[in-house]
Amino acid sequence: MNPTAKLRLIKLLHTIIWVFFNVVIFYILYAVIVNRIDFWLWLCYGLIILEGIVLLLFKMYCPLTVWARKYSNSTRNNFDIYLPEWLAKYNKLIYTSIVGVSIVILIYRLIQ
């Protein structure tokens, strides 16, 4: 497989994982808003914690980004994923903020 094909495969895999984590994060937000604090909510928070640990281990980079660097010299924020550049650039900020808001709502629900 040539480097371009490998990069495309990594981008596709990265995008699929990104979509999966969008589902996880928006389920978290939905669950805390409707006060559905159940096994699935805690499982989703666990997945987010696991993702955070992986990012910390890779110096705040997704391992797929590190892998994709072998096949590209691009400096664009979306060289390794099929997302618009602005979303790839602010991805961590946007989704960390959403998770942060969900944690605040969860704490409120648990105290209530």
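The structure reproduced in this document is the subject of the present report. (Residues numbered from 1 in each chain as written. Predicted model: local features only at pLDDT ≥ 70, side-chain atom pairs only at ≥ 80, totals over all residues. Heavy atoms only, no water.)

Before going further, it helps to examine the packing of aromatic side chains. Any pair of aromatic rings gets described here by the distance separating the centres and the angle formed by the planes. Here the structure, examined in full by the defined rule, presents six aromatic pairs. Ring centres of F20 and F21 lie 5.3 Å apart, and the angle between their planes is 80°; on these two criteria the pair is classed as edge-to-face. Residue F20 is classed as partly exposed on the basis of its relative accessible area, which comes to 41%. Using a relative accessible area of 16% as the deciding quantity, one classes F21 as buried. Ring centres of Y27 and Y30 lie 6.2 Å apart, and the angle between their planes is 50°; this geometry places the pair in the tilted category. Within this pair, Y27 and its partner Y30 are both found in helix α1 (residues 3-33), separated by three residues, close to a single helical turn. The rings of W18, F26 and Y95 are connected pair by pair, giving a single aromatic cluster. (Phe/Tyr/Trp six-rings, centres within 6.5 Å; stacked < 30°, edge-to-face > 60°. Buried < 20%, exposed > 50% of the residue type's maximum accessible area, 1.4 Å probe, protein only. Helix = DSSP H or I, 4+ residues; strand = E, 2+ residues; numbered from the N terminus.)

Counted under the stated rule, the structure contains two salt bridges. R36 is the partner of D38 in a salt bridge, and the nearest nitrogen-oxygen pair spans 3.5 Å. Residue R76 pairs with E85 through a salt bridge whose shortest N-O separation is 2.9 Å. (Salt bridge = Lys/Arg side-chain N within 4 Å of Asp/Glu carboxyl O.)

Another point: the packing of α1 against helix α4 (residues 85-111). It is at 9 Å that the axes of α1 and α4 come closest, and there the two elements cross at 25°. Between α1 and α4, the angle is such that the two are roughly parallel. Two packed elements cross with a definite hand, and for α1 against α4 that hand is left-handed. Taken together, the residues of α4 that come into contact with α1 (itself represented by W18, N22, I25, F26, I28, L29, V32 and I33) are L87, N91, Y95, I98, V99, S102, I105, L106 and R109. (Axes fitted to C-alpha atoms, helices over the stretch in contact; angles between N-to-C directions. Parallel < 35°, antiparallel > 145°, perpendicular 65-115°, else oblique. Left-handed = near helix turned anticlockwise from the far one by under 90°. Contact = heavy atoms within 4.5 Å.)

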